[in-house]
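Structural features, examined
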Amino acid sequence: MPVVNRIAGLAGEMEDWRKHLHQIPEIGFDCFETAAFVAGKLAEFGITEVHEGIAKTGIVAIIEGREPGPTVGLRADMDALPMTEETGLPYASGKAGAMHACGHDGHTTMLLGAAKYLAETRNFAGRVALIFQPAEEDGGGGGRMVEAGIMETFDISEVYALHNAPGMPVGTFRTAPGAMMAAVDTIHIHVTGTGGHAANPQDTVDPIAATVGMYNAIQTVISRNHDPVKDLVISITQIHTGSAENVVPEKAYMMGTVRTYDPVVQDMVERRLTEIVAGQAAAYGVQAELIYERWYPATINNPEKAAFAADVAREVAGENAVLFNDEREMGAEDFSFLLNARPGAYLFLGQGDTAPVHHPKFDFNDEIAPVGASFFARVVETALPLKGN
(Lines give C-alpha, C1' and ligand atoms only; values in the text may rest on other atoms or scores of the structure.)
Protein backbone atom coordinates (compact mmCIF):
# COMPACT_ATOMS: atom_id res chain seq x y z
CA MET A 1 0.00 0.00 0.00
CA PRO A 2 1.39 3.47 -0.85
CA VAL A 3 1.28 4.74 2.73
CA VAL A 4 3.42 7.73 3.64
CA ASN A 5 6.98 6.42 3.87
CA ARG A 6 7.77 8.17 7.14
CA ILE A 7 4.58 6.80 8.71
CA ALA A 8 5.36 3.30 7.41
CA GLY A 9 8.65 3.66 9.29
CA LEU A 10 6.68 4.33 12.50
CA ALA A 11 4.80 1.02 12.31
CA GLY A 12 6.76 -0.67 15.09
CA GLU A 13 6.50 2.34 17.35
CA MET A 14 2.79 2.64 16.72
CA GLU A 15 2.28 -1.02 17.54
CA ASP A 16 4.02 -0.48 20.89
CA TRP A 17 1.77 2.49 21.65
CA ARG A 18 -1.34 0.55 20.72
CA LYS A 19 -0.47 -2.47 22.83
CA HIS A 20 0.23 -0.23 25.81
CA LEU A 21 -3.14 1.47 25.38
CA HIS A 22 -4.81 -1.92 25.03
CA GLN A 23 -3.58 -2.85 28.51
CA ILE A 24 -5.04 0.25 30.19
CA PRO A 25 -8.65 0.42 28.94
CA GLU A 26 -10.82 3.09 30.53
CA ILE A 27 -14.58 3.57 30.45
CA GLY A 28 -16.64 6.60 29.50
CA PHE A 29 -15.28 9.98 30.47
CA ASP A 30 -12.70 8.54 32.90
CA CYS A 31 -9.88 8.19 30.36
CA PHE A 32 -7.25 9.64 32.69
CA GLU A 33 -4.36 7.24 31.99
CA THR A 34 -5.09 7.22 28.28
CA ALA A 35 -5.21 11.01 28.10
CA ALA A 36 -1.98 11.29 30.07
CA PHE A 37 -0.28 8.89 27.65
CA VAL A 38 -1.57 10.86 24.66
CA ALA A 39 -0.50 14.20 26.13
CA GLY A 40 2.94 12.78 26.90
CA LYS A 41 3.40 11.57 23.32
CA LEU A 42 2.25 14.89 21.89
CA ALA A 43 4.83 16.66 24.03
CA GLU A 44 7.51 14.23 22.81
CA PHE A 45 6.55 15.13 19.23
CA GLY A 46 7.23 18.80 19.95
CA ILE A 47 3.57 19.85 19.91
CA THR A 48 3.36 22.73 22.36
CA GLU A 49 -0.32 23.68 22.14
CA VAL A 50 -2.09 20.87 23.97
CA HIS A 51 -5.42 21.61 25.67
CA GLU A 52 -6.40 18.97 28.24
CA GLY A 53 -9.46 18.36 30.40
CA ILE A 54 -12.09 19.10 27.75
CA ALA A 55 -15.25 17.12 28.55
CA LYS A 56 -13.32 15.82 31.58
CA THR A 57 -10.50 13.93 29.82
CA GLY A 58 -10.66 15.06 26.19
CA ILE A 59 -7.71 16.69 24.45
CA VAL A 60 -7.37 19.09 21.54
CA ALA A 61 -3.84 19.66 20.26
CA ILE A 62 -2.94 22.19 17.58
CA ILE A 63 -0.16 21.82 15.00
CA GLU A 64 0.67 24.95 13.02
CA GLY A 65 1.59 24.52 9.36
CA ARG A 66 4.28 26.44 7.49
CA GLU A 67 1.80 29.04 6.24
CA PRO A 68 -1.46 30.47 7.62
CA GLY A 69 -4.76 28.95 6.63
CA PRO A 70 -7.92 27.25 7.96
CA THR A 71 -8.03 24.49 10.59
CA VAL A 72 -8.84 20.85 9.80
CA GLY A 73 -10.03 18.64 12.67
CA LEU A 74 -9.08 14.97 13.01
CA ARG A 75 -10.84 12.93 15.69
CA ALA A 76 -10.02 9.70 17.53
CA ASP A 77 -12.07 8.15 20.34
CA MET A 78 -10.19 6.87 23.41
CA ASP A 79 -12.66 4.95 25.59
CA ALA A 80 -13.12 1.21 26.03
CA LEU A 81 -16.08 -1.06 26.83
CA PRO A 82 -17.22 -2.58 30.16
CA MET A 83 -16.41 -6.15 29.07
CA THR A 84 -14.08 -8.93 30.16
CA GLU A 85 -11.39 -9.68 27.59
CA GLU A 86 -11.00 -13.28 26.37
CA THR A 87 -8.18 -12.92 23.84
CA GLY A 88 -5.46 -14.45 26.02
CA LEU A 89 -2.96 -12.06 24.45
CA PRO A 90 0.23 -11.12 26.34
CA TYR A 91 -0.88 -7.48 26.19
CA ALA A 92 -4.50 -8.14 27.17
CA SER A 93 -6.42 -5.75 29.38
CA GLY A 94 -4.92 -5.28 32.81
CA LYS A 95 -8.21 -4.02 34.21
CA ALA A 96 -10.99 -6.33 35.27
CA GLY A 97 -14.25 -5.75 33.45
CA ALA A 98 -12.82 -3.36 30.86
CA MET A 99 -11.36 -3.97 27.41
CA HIS A 100 -10.71 -2.26 24.11
CA ALA A 101 -13.30 -4.33 22.26
CA CYS A 102 -14.02 -1.68 19.62
CA GLY A 103 -10.51 -0.70 18.56
CA HIS A 104 -10.37 2.78 20.05
CA ASP A 105 -6.83 1.97 21.15
CA GLY A 106 -6.05 1.64 17.44
CA HIS A 107 -7.92 4.83 16.54
CA THR A 108 -5.92 6.78 19.12
CA THR A 109 -2.71 5.22 17.81
CA MET A 110 -3.47 6.15 14.21
CA LEU A 111 -4.05 9.77 15.15
CA LEU A 112 -0.86 9.81 17.21
CA GLY A 113 1.04 8.44 14.21
CA ALA A 114 -0.36 11.19 12.01
CA ALA A 115 0.44 13.75 14.71
CA LYS A 116 4.10 12.73 14.86
CA TYR A 117 4.46 12.95 11.09
CA LEU A 118 2.61 16.26 10.79
CA ALA A 119 4.60 17.80 13.65
CA GLU A 120 7.84 16.80 11.91
CA THR A 121 6.95 17.92 8.40
CA ARG A 122 4.32 20.70 8.77
CA ASN A 123 3.85 20.48 5.02
CA PHE A 124 0.55 22.35 4.99
CA ALA A 125 -0.89 25.86 5.05
CA GLY A 126 -3.11 26.23 8.09
CA ARG A 127 -3.57 24.23 11.25
CA VAL A 128 -4.61 20.75 12.28
CA ALA A 129 -6.68 20.20 15.41
CA LEU A 130 -6.10 16.73 16.87
CA ILE A 131 -9.24 15.77 18.78
CA PHE A 132 -8.85 12.92 21.29
CA GLN A 133 -12.32 12.21 22.65
CA PRO A 134 -13.63 10.20 25.63
CA ALA A 135 -17.00 8.50 26.02
CA GLU A 136 -17.95 7.54 22.48
CA GLU A 137 -19.43 4.22 23.60
CA ASP A 138 -21.70 5.73 26.22
CA GLY A 139 -22.10 9.33 27.27
CA GLY A 140 -21.79 11.25 24.02
CA GLY A 141 -18.30 12.62 24.58
CA GLY A 142 -18.32 14.05 21.08
CA GLY A 143 -21.38 16.12 21.91
CA ARG A 144 -19.84 17.26 25.18
CA MET A 145 -16.70 18.44 23.38
CA VAL A 146 -18.80 20.35 20.87
CA GLU A 147 -20.78 21.88 23.75
CA ALA A 148 -17.45 22.89 25.31
CA GLY A 149 -16.89 25.03 22.22
CA ILE A 150 -13.99 23.28 20.51
CA MET A 151 -15.22 24.21 17.04
CA GLU A 152 -15.31 27.90 17.84
CA THR A 153 -12.32 28.03 20.19
CA PHE A 154 -10.01 26.36 17.69
CA ASP A 155 -11.74 27.71 14.56
CA ILE A 156 -12.19 24.22 13.11
CA SER A 157 -13.65 24.37 9.59
CA GLU A 158 -14.03 20.64 8.76
CA VAL A 159 -13.65 17.31 10.59
CA TYR A 160 -12.75 13.70 9.73
CA ALA A 161 -12.73 10.38 11.58
CA LEU A 162 -12.00 6.70 10.95
CA HIS A 163 -13.33 3.48 12.45
CA ASN A 164 -11.84 0.03 11.99
CA ALA A 165 -14.07 -2.52 10.27
CA PRO A 166 -13.73 -6.28 10.82
CA GLY A 167 -14.83 -8.28 7.79
CA MET A 168 -13.55 -5.74 5.28
CA PRO A 169 -10.27 -6.49 3.45
CA VAL A 170 -7.21 -5.12 5.20
CA GLY A 171 -6.49 -1.51 4.31
CA THR A 172 -9.65 -0.86 2.27
CA PHE A 173 -12.02 2.03 2.93
CA ARG A 174 -15.75 2.60 2.66
CA THR A 175 -17.84 5.72 3.06
CA ALA A 176 -20.84 7.53 1.56
CA PRO A 177 -21.82 11.06 0.53
CA GLY A 178 -24.58 11.37 3.09
CA ALA A 179 -26.12 9.14 5.74
CA MET A 180 -23.73 6.59 7.30
CA MET A 181 -25.10 5.60 10.70
CA ALA A 182 -28.43 6.02 12.47
CA ALA A 183 -29.64 8.20 15.30
CA VAL A 184 -29.99 6.26 18.55
CA ASP A 185 -32.57 6.76 21.30
CA THR A 186 -33.04 4.80 24.52
CA ILE A 187 -36.41 3.92 26.02
CA HIS A 188 -37.08 3.11 29.66
CA ILE A 189 -40.50 1.91 30.83
CA HIS A 190 -41.21 1.63 34.56
CA VAL A 191 -44.37 -0.27 35.46
CA THR A 192 -45.85 -0.32 38.99
CA GLY A 193 -48.67 -2.61 40.08
CA THR A 194 -49.60 -4.20 43.39
CA GLY A 195 -47.56 -7.13 44.53
CA GLY A 196 -48.77 -10.09 46.53
CA HIS A 197 -48.90 -13.85 46.89
CA ALA A 198 -49.04 -15.66 43.53
CA ALA A 199 -51.70 -17.98 44.97
CA ASN A 200 -54.04 -14.99 45.33
CA PRO A 201 -53.77 -13.11 42.02
CA GLN A 202 -57.13 -11.42 42.62
CA ASP A 203 -55.46 -9.37 45.35
CA THR A 204 -52.69 -8.13 43.07
CA VAL A 205 -52.28 -5.88 40.04
CA ASP A 206 -49.78 -7.75 37.92
CA PRO A 207 -47.06 -5.57 36.32
CA ILE A 208 -45.77 -8.54 34.32
CA ALA A 209 -49.00 -8.88 32.32
CA ALA A 210 -48.95 -5.15 31.63
CA THR A 211 -45.31 -5.23 30.56
CA VAL A 212 -45.97 -8.11 28.17
CA GLY A 213 -48.93 -6.20 26.75
CA MET A 214 -46.76 -3.16 26.19
CA TYR A 215 -44.05 -5.26 24.58
CA ASN A 216 -46.51 -6.83 22.12
CA ALA A 217 -48.11 -3.48 21.28
CA ILE A 218 -44.71 -1.87 20.64
CA GLN A 219 -44.09 -4.43 17.89
CA THR A 220 -46.97 -2.93 15.91
CA VAL A 221 -45.30 0.48 15.57
CA ILE A 222 -43.07 -0.68 12.72
CA SER A 223 -45.68 -2.87 11.05
CA ARG A 224 -48.66 -0.52 11.30
CA ASN A 225 -47.52 3.07 12.01
CA HIS A 226 -44.33 3.33 10.00
CA ASP A 227 -43.65 4.00 6.32
CA PRO A 228 -41.88 0.77 5.26
CA VAL A 229 -39.53 2.52 2.82
CA LYS A 230 -37.85 4.42 5.68
CA ASP A 231 -35.33 2.94 8.10
CA LEU A 232 -36.48 2.12 11.62
CA VAL A 233 -35.43 -0.37 14.29
CA ILE A 234 -37.13 -0.77 17.67
CA SER A 235 -35.55 -3.43 19.86
CA ILE A 236 -36.62 -4.22 23.41
CA THR A 237 -33.42 -5.53 24.97
CA GLN A 238 -34.15 -5.85 28.70
CA ILE A 239 -37.07 -6.84 30.93
CA HIS A 240 -36.49 -7.08 34.66
CA THR A 241 -39.03 -8.13 37.25
CA GLY A 242 -39.78 -10.65 39.96
CA SER A 243 -37.78 -12.42 42.64
CA ALA A 244 -39.61 -15.67 43.52
CA GLU A 245 -41.93 -18.23 41.94
CA ASN A 246 -44.72 -17.58 44.42
CA VAL A 247 -44.67 -13.78 44.43
CA VAL A 248 -46.40 -11.42 42.04
CA PRO A 249 -43.94 -8.50 41.95
CA GLU A 250 -44.87 -4.89 42.47
CA LYS A 251 -42.62 -3.46 39.74
CA ALA A 252 -41.34 -4.28 36.28
CA TYR A 253 -38.86 -2.51 34.03
CA MET A 254 -38.38 -2.64 30.28
CA MET A 255 -35.59 -1.06 28.24
CA GLY A 256 -34.80 -0.83 24.54
CA THR A 257 -33.23 1.07 21.68
CA VAL A 258 -34.68 2.99 18.73
CA ARG A 259 -32.66 3.58 15.54
CA THR A 260 -33.83 6.08 12.93
CA TYR A 261 -32.60 8.49 10.26
CA ASP A 262 -35.60 10.80 9.85
CA PRO A 263 -36.55 13.16 12.72
CA VAL A 264 -40.19 12.83 11.63
CA VAL A 265 -39.97 9.07 12.22
CA GLN A 266 -38.24 9.70 15.52
CA ASP A 267 -41.12 11.96 16.61
CA MET A 268 -43.70 9.39 15.51
CA VAL A 269 -42.01 6.63 17.54
CA GLU A 270 -41.89 8.73 20.70
CA ARG A 271 -45.55 9.72 20.28
CA ARG A 272 -46.73 6.14 19.68
CA LEU A 273 -44.72 4.72 22.56
CA THR A 274 -46.20 7.36 24.85
CA GLU A 275 -49.71 6.40 23.72
CA ILE A 276 -49.05 2.66 23.99
CA VAL A 277 -47.61 2.85 27.50
CA ALA A 278 -50.47 5.04 28.72
CA GLY A 279 -53.12 2.88 27.02
CA GLN A 280 -51.76 -0.43 28.23
CA ALA A 281 -51.31 0.93 31.74
CA ALA A 282 -54.99 1.92 31.81
CA ALA A 283 -56.05 -1.44 30.37
CA TYR A 284 -54.15 -3.42 33.00
CA GLY A 285 -54.73 -1.04 35.90
CA VAL A 286 -51.09 -0.27 36.58
CA GLN A 287 -49.06 2.91 36.77
CA ALA A 288 -46.43 3.32 34.04
CA GLU A 289 -43.79 5.85 33.09
CA LEU A 290 -42.02 6.12 29.74
CA ILE A 291 -38.65 7.87 29.63
CA TYR A 292 -37.60 8.51 26.02
CA GLU A 293 -33.98 9.66 25.78
CA ARG A 294 -32.67 11.06 22.52
CA TRP A 295 -28.98 10.24 22.34
CA TYR A 296 -26.75 10.40 19.26
CA PRO A 297 -28.11 12.01 16.09
CA ALA A 298 -27.64 10.34 12.72
CA THR A 299 -24.10 10.37 11.32
CA ILE A 300 -24.43 12.19 8.00
CA ASN A 301 -21.40 12.99 5.88
CA ASN A 302 -21.15 16.21 3.93
CA PRO A 303 -21.26 15.01 0.29
CA GLU A 304 -18.40 17.25 -0.86
CA LYS A 305 -16.16 16.33 2.07
CA ALA A 306 -17.00 12.63 1.71
CA ALA A 307 -15.97 12.73 -1.96
CA PHE A 308 -12.76 14.52 -0.97
CA ALA A 309 -12.02 11.96 1.76
CA ALA A 310 -12.66 9.10 -0.67
CA ASP A 311 -10.16 10.61 -3.11
CA VAL A 312 -7.55 10.83 -0.35
CA ALA A 313 -8.29 7.22 0.63
CA ARG A 314 -7.78 6.11 -2.99
CA GLU A 315 -4.41 7.85 -3.01
CA VAL A 316 -3.40 5.94 0.12
CA ALA A 317 -4.98 2.55 -0.52
CA GLY A 318 -5.43 2.35 -4.28
CA GLU A 319 -8.19 3.14 -6.76
CA ASN A 320 -10.02 -0.16 -6.26
CA ALA A 321 -9.69 -0.20 -2.46
CA VAL A 322 -12.34 2.43 -1.72
CA LEU A 323 -16.08 1.77 -1.73
CA PHE A 324 -18.04 5.01 -2.21
CA ASN A 325 -21.84 5.28 -1.97
CA ASP A 326 -21.74 2.59 0.71
CA GLU A 327 -25.03 1.46 2.24
CA ARG A 328 -25.93 3.10 5.52
CA GLU A 329 -26.33 1.03 8.66
CA MET A 330 -28.33 1.16 11.88
CA GLY A 331 -25.41 1.39 14.29
CA ALA A 332 -24.72 4.77 15.89
CA GLU A 333 -21.67 6.98 16.40
CA ASP A 334 -21.22 10.20 18.36
CA PHE A 335 -18.98 11.71 15.69
CA SER A 336 -22.42 12.76 14.47
CA PHE A 337 -22.30 15.68 16.91
CA LEU A 338 -19.12 16.94 15.26
CA LEU A 339 -20.61 16.50 11.78
CA ASN A 340 -23.66 18.47 12.87
CA ALA A 341 -21.34 21.29 13.91
CA ARG A 342 -18.99 21.26 10.91
CA PRO A 343 -18.88 19.60 7.46
CA GLY A 344 -16.74 16.50 7.24
CA ALA A 345 -16.71 12.75 6.70
CA TYR A 346 -16.63 9.47 8.58
CA LEU A 347 -14.99 6.41 6.99
CA PHE A 348 -14.51 2.74 7.80
CA LEU A 349 -11.07 1.13 7.42
CA GLY A 350 -10.96 -2.63 6.85
CA GLN A 351 -8.99 -4.72 9.29
CA GLY A 352 -9.53 -8.16 7.81
CA ASP A 353 -11.13 -11.35 9.04
CA THR A 354 -11.09 -10.77 12.78
CA ALA A 355 -13.55 -11.07 15.63
CA PRO A 356 -16.28 -8.42 15.37
CA VAL A 357 -16.21 -5.27 17.43
CA HIS A 358 -17.82 -5.50 20.89
CA HIS A 359 -16.71 -9.13 21.11
CA PRO A 360 -14.55 -10.43 24.01
CA LYS A 361 -12.00 -11.83 21.53
CA PHE A 362 -11.66 -8.66 19.43
CA ASP A 363 -8.24 -7.12 18.87
CA PHE A 364 -7.27 -4.21 16.63
CA ASN A 365 -5.13 -5.21 13.63
CA ASP A 366 -1.87 -3.24 13.90
CA GLU A 367 -1.24 -3.76 10.19
CA ILE A 368 -3.76 -1.04 9.35
CA ALA A 369 -2.40 1.63 11.71
CA PRO A 370 0.03 3.11 9.13
CA VAL A 371 -2.80 3.15 6.56
CA GLY A 372 -5.12 5.11 8.85
CA ALA A 373 -2.34 7.46 9.98
CA SER A 374 -1.39 8.09 6.34
CA PHE A 375 -5.02 8.87 5.52
CA PHE A 376 -5.21 11.42 8.34
CA ALA A 377 -1.92 13.03 7.29
CA ARG A 378 -2.84 13.23 3.62
CA VAL A 379 -6.27 14.72 4.46
CA VAL A 380 -4.44 17.63 6.08
CA GLU A 381 -1.82 18.04 3.37
CA THR A 382 -4.40 17.80 0.58
CA ALA A 383 -7.00 20.06 2.19
CA LEU A 384 -4.38 22.64 3.18
CA PRO A 385 -1.85 22.79 0.33
CA LEU A 386 1.13 25.11 0.56
CA LYS A 387 1.15 27.91 -2.01
CA GLY A 388 2.66 26.68 -5.22
CA ASN A 389 2.03 23.00 -4.33
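These figures come from a predicted structure and were not determined experimentally. (Residues numbered from 1 in each chain as written. Predicted model: local features only at pLDDT ≥ 70, side-chain atom pairs only at ≥ 80, totals over all residues. Heavy atoms only, no water.)

With respect to the layout of surface pockets
Inclusion rule: We place a 1 Å grid over just the protein atoms. Points where a 1.4 Å probe fits but has no way out form a cavity, open points with protein on both sides within 12 Å along at least 5 of 7 lines form a pocket, and any residue with an atom within 4 Å of a point lines it. Grid points are joined across faces, edges and corners, and a volume is the space filled by probe spheres set on the points. Think of it this way: any DSSP run of H or I at least four residues long counts as a helix, any run of E at least two long counts as a strand, and we number them from the N terminus. Only Asp, Glu, Lys and Arg are considered charged in this grouping, and only Ala, Val, Leu, Ile, Met, Phe, Trp, Tyr, Cys and Pro are considered nonpolar; every other residue, Gly among them, is considered polar.
The calculated volume of the largest pocket comes to roughly 700 Å³. Along its surface, the largest pocket is lined by 30 residues, and E137, R259, Y296, A332 and H358 are the ones closest to its centre. Examining the composition of the lining of the largest pocket, we find that four residues originate from one element, strand 12 (residues 251–260), more than from any other. Of the residues belonging to the lining of the largest pocket, the class tally is 13 nonpolar, ten polar and seven charged.

Remarks on the sheet that holds strand 15 (residues 322–323)
Here is the rule: We call two strands paired when DSSP finds no fewer than two bridges between them. By definition in these notes, contact holds between two residues if any of their heavy atoms fall within 4.5 Å. Lines fitted to the C-alpha atoms define the axes, with helices restricted to the stretch that makes contact. Angles between their N-to-C directions range from 0 to 180 degrees.
Read across the open sheet, the eight strands follow the order 1-2-4-3-5-16-6-15; overall the sheet is mixed. Of all the strands in the sheet, just strand 1 (49–54) and strand 15 have a single pairing partner and so form its edges. The pairing of strand 2 (residues 58–64) with strand 4 (residues 125–133) spans six bridges and is classified as antiparallel. When the bridges of strand 4 are listed, I63 appears paired with V128. Running over the sheet, helix 3 (residues 32–44) touches strand 1, strand 2 and strand 4 and is turned about 10° from strand 2.

Some words on the environment of T34
Relative to the helices and strands, T34 resides in helix 3. Along the backbone, T34 and G167 are 133 residues apart, and their C-alpha atoms lie at a distance of 27 Å. If sequence neighbours within four positions are ignored, T34 has contacts with L21, I24, E26 and M78.

Observations concerning the side chain of N301
Operational definition: The cut-offs for exposure are 20% and 50% of the maximum accessible area for each residue type, with area from a 1.4 Å probe on protein chains only; residues under the lower value are buried, those over the upper are exposed, and the others partly exposed. Here a polar contact means two N or O atoms within 3.5 Å. Within protein one must be a hydrogen donor candidate and the other an acceptor candidate, and residues neighboring in sequence count only if both atoms are side-chain atoms.
Relative to the assigned elements, N301 resides in the loop between strand 14 (299–300) and helix 10 (303–317). By relative accessible area, N301 is classed as buried at 2%. Of note is the side chain of N301, whose polar atom sits 2.9 Å from the backbone oxygen of A176. At a separation of 2.8 Å, a polar atom in the side chain of N301 contacts the main-chain amide nitrogen of Y346.

A look at the sheet that holds strand 12
A sheet is described by the order of its strands in space; here four strands give the open sequence 10-12-8-13, paired in antiparallel fashion. At either end of the open sheet lies a strand with only one pairing partner, and these are strand 10 (232–241) and strand 13 (287–294). For this sheet, the mean inter-axis angle between neighbouring strands, taken without regard to orientation, is 15°. Here strand 10 pairs with strand 12 via nine bridges, running antiparallel. Bridged to Q238 within strand 12 is M255. Contacting strand 8 (183–192), strand 10, strand 12 and strand 13, helix 7 (residues 207–218) runs over the sheet at an angle of about 15° to strand 12. Seen against the sheet, helix 9 (residues 263–284) touches strand 8, strand 10, strand 12 and strand 13 and runs at an angle of roughly 170° to strand 13.

Details of the packing of helix 3 against helix 4 (residues 104–121)
Note the cut-off: With respect to orientation, any angle under 35 degrees is reported as roughly parallel, any angle over 145 as roughly antiparallel, any angle of 65 to 115 as roughly perpendicular, and every other angle as oblique. Handedness of a crossing is defined here by the sense of rotation of the near helix relative to the far one, left-handed for an anticlockwise turn of less than a right angle and right-handed for a clockwise turn.
In contact at an axis separation of 10 Å, helix 3 and helix 4 are set at 15° when each is read in the N-to-C sense. With respect to their mutual orientation, helix 3 and helix 4 come out roughly parallel. In this structure, the crossing between helix 3 and helix 4 has a hand that is right-handed. Listed contacts from helix 4 to F37, V38, K41 and L42 of helix 3 are T108, L112 and A115.

A word on the pattern of salt bridges
As a reminder, the rule being used: For salt bridges, the criterion is a side-chain nitrogen of Lys or Arg within 4 Å of an Asp or Glu carboxyl oxygen.
Tallied over the entire structure, the rule returns 27 salt bridges. Ionic pairing is found between K116 and E13, a salt bridge with its closest N-O pair at 2.9 Å. Remark: E13 occurs in helix 2 (residues 11–23) and K116 occurs in helix 4; sequence separation between them is 103 residues. Here K116 falls in the buried class, since its relative accessible area comes to 14%. Assessed through its relative accessible area of 30%, E13 is described here as partly exposed. Overlapping salt bridges bring together R18, D105, D363 and D366 as one network.

Some points on the packing of aromatic side chains
How we decide: Centres within 6.5 Å are what make two rings of Phe, Tyr or Trp a pair, Trp counting through its six-membered ring; a difference in plane orientation under 30 degrees is then read as stacked, over 60 as edge-to-face, and the rest as tilted. Here, a charge over a ring is recorded when the distance from Lys NZ or Arg CZ to the ring centre is within 6 Å and its angle to the ring normal is within 35 degrees.
Tallying each qualifying case throughout the model produces seven aromatic pairs. Judged by centre distance (5.4 Å) and plane angle (85°), the rings of Y346 and F348 are edge-to-face. Per residue, the accessibility class of Y346 equals that of F348, and both read buried. One aromatic cluster is present, built from ring pairs that chain together F173, F375 and F376. For R144, the ring lying beneath its charged end belongs to F29, and the centroid distance is 4.3 Å.

Any functional reading would require information beyond the geometric quantities listed.
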